[in-house]
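Take a look at the letters that make up each chain.
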Amino acid sequence: MQTYTPARKGTVMNLKSENDLGGTEHFDVVVIGAGISGICAGYRLQERRRKTSYVILEKRQAVGGTWDLFRFPGVRADSDIQTMEFPFRPWYGAETLAPGPAIRGYMSETAKMYGIEDQIRFGHRVVRASWSSELSRWTVETEIAEPDGTTRTATFSCRYIVSCAGYYDGDGSYTPEFAGIERFGGRIVHPQHWPEDLDYAGKRVVVIGSGATAMTLVPAMARTAHVTMLQRSPSYVMSFDDPDGFRARMAKLLPQPVAHRVVRWRNIAFQIYVLYMSVLAPKLVKSMIRKKAVEYLGEDYDVDTHFGPRYNPWDQRLCAIPDGDLFVAIAEKRADVVTDKIATFNEEGIETESGQQLSADIVVTATGFDMRILPRTEVLIDGESVDLADTLYYKGVLLSDIPNFAHVTGYPQQSYTLKADISCRYVVRVLDHLDENGYTQVTPVRTDNGPTRPSWLLSSGYIQRAKFPRQGTKRPWKVYRNFLADSIALTLRPVTEGSLEFSRGSAKRKVAKAS
């Protein structure tokens, strides 16, 4: 059997693994993923439920999730670090859009500081999760890659699963079908799988894409290479001061912890303001964004062609850049932008539909990712296979007809951590209610057949391709887009609100498909 010592802040829970002996280990909670959400889950479980045993299963060999995976040049946050930080461990660095290596280090230090890292089983890829209504228990099967290339399995059981595996397929990537790509004589790379040996200094580089990844890559690579950003259509790009002048002024006037809280809440309010003004007064927001671009690029630059989308701000994600670094690279002729469609690849590079030849030594396909829930993981409810993408979100955390299961993710329009952390706090409230009332199961049960829509209301290609739970149009099946609304729904409203079914029974479950 496992031995367990309740965790305390800064101390360690000691676990002896029965998997090494071929047995099944039991925990109260299994957390899948050791990224931002997984660390939030570990902290909140330890904070409120000291006697709850938990394990975090992480397929990679380090803490960080996305931030351990992405190693491309210039990788950084695309939202301010003061709202992206863990609320229980403030980030006091000077950055606004923090660089990836610094975020990775911060996450690793946080996991160590609170004893969360000791609960992580690295190299454990979850391949199957099976729920038994009779036992009120999940069985979670994992594969472990050995150094010699072989794999072995390890099995865990638990009362509750908290999926913190994010919203996209970290192993795959999305690249459209490009005519003639096999003819290209140079090198093709995808940012999600950046090769360590890639030397691009002095080379001609074409970056295909116009999302946050491209906006990061282009100015970083343009320090030593000439880079062309080839986009089919433009995106909105908003420049932020980095470091933040307001933050510097608050630091002079107030004690550091107080100044930090003021800046954090100001930034939260600004995110919500931009989001709702984009809906209520899109022309005003467009004008603000365009004015900032012109300040860097000049009146003679064709801003409307290359940075003036036909859609309104926040119909797709808005790209943030620090101190106009992308615009500076363009103004200094180290980078340029071509807005056109690809006709074909050829031996020398890419020919566009307008007939322009873009010669390249390296092509980077920053063309997006596949958004899906728990990719490559089979989920069974009482022996029947289910697709979690066919479910409906309950309060943006639980899934319809899936017992004792939460899927924690972040916002597309605000900082990821804001939603992830309050979701984990909500899961702890649900667990408290189960224990306080002697229940063994909790299941969101859909009681109406009203219309549904994608959980993220964006027109981006990866949203249209997504294999992800949907949302309803009314509370509690509606997914909110801002932190204040979610704070009320997840931390203040009663846990028993709405369509949650608590039980001690063992009746088998049927999963209704959301459409």
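On a predicted model such as this, the values are computed, not experimentally measured, just so you know. (Residues numbered from 1 in each chain as written. Predicted model: local features only at pLDDT ≥ 70, side-chain atom pairs only at ≥ 80, totals over all residues. Heavy atoms only, no water.)

J.: Hey, could you run me through the side chain of Arg121 in this one?
T.: One can find Arg121 in strand S3 (residues 120–122). Since its relative accessible area comes to 15%, Arg121 is described here as buried. Looking at Arg121, its side chain comes within polar contact range of the side chain of Glu25, at 2.8 Å. (Helix = DSSP H or I, 4+ residues; strand = E, 2+ residues; numbered from the N terminus. Buried < 20%, exposed > 50% of the residue type's maximum accessible area, 1.4 Å probe, protein only. Polar contact = N/O pair within 3.5 Å; in protein donor to acceptor, adjacent residues only side chain to side chain.)

J.: Just checking my understanding: could you explain the packing of aromatic side chains for this structure?
T.: Both the distance between ring centres and the angle between the ring planes are used here to describe each pair of aromatic rings. Applying the stated criterion across every chain yields a total of 21 aromatic pairs. Look at Trp138 and Phe405: their rings are 5.8 Å apart centre to centre, the planes differ by 50°, and that puts the pair in the tilted class. In this pair, Trp138 is assigned in strand S5 (residues 137–145) and Phe405 in strand S21 (residues 405–407), connecting sequence segments 267 residues apart. On the basis of an interplanar angle of 45° and a centroid distance of 5.6 Å, the ring pair of Phe178 and Phe345 is categorised as tilted. Placement of Phe178 in the loop between strand S6 (151–163) and strand S7 (187–189) and of Phe345 in strand S13 (residues 342–346) is noted, with a sequence separation of 167 residues between them. Judged by relative accessible area, which is 15%, Phe178 ranks as buried. Each member of the aromatic cluster is reached from another via a ring pair, and the members are Tyr43, Phe86, Phe88, Trp91, Tyr106 and Tyr114. (Phe/Tyr/Trp six-rings, centres within 6.5 Å; stacked < 30°, edge-to-face > 60°.)

J.: Sorry if this is basic, but what is going on with the sheet that holds strand S8 (residues 204–208) here?
T.: Hydrogen bonding along the main chain pairs the strands of a sheet, whether they run parallel or antiparallel. If you trace the five strands from one edge of the open sheet to the other, you get S7-S16-S8-S9-S12, paired in parallel fashion. Looking at which strands have only one partner, the edges of the open sheet turn out to be S7 and strand S12 (335–339). On average, each strand axis in the sheet is tilted by 20° relative to the strand beside it, whichever way the strands run. Pairing analysis gives four bridges linking S8 to strand S16 (residues 362–365), with the strands arranged parallel. Bridging from a neighbouring strand, Val205 pairs with Ile362 of S16. Against the sheet, helix H5 (residues 212–221) engages S8, strand S9 (226–231), S12 and S16, with an angle of about 160° to S9. (Pairing = 2+ DSSP bridges. Axes fitted to C-alpha atoms, helices over the stretch in contact; angles between N-to-C directions. Contact = heavy atoms within 4.5 Å.)

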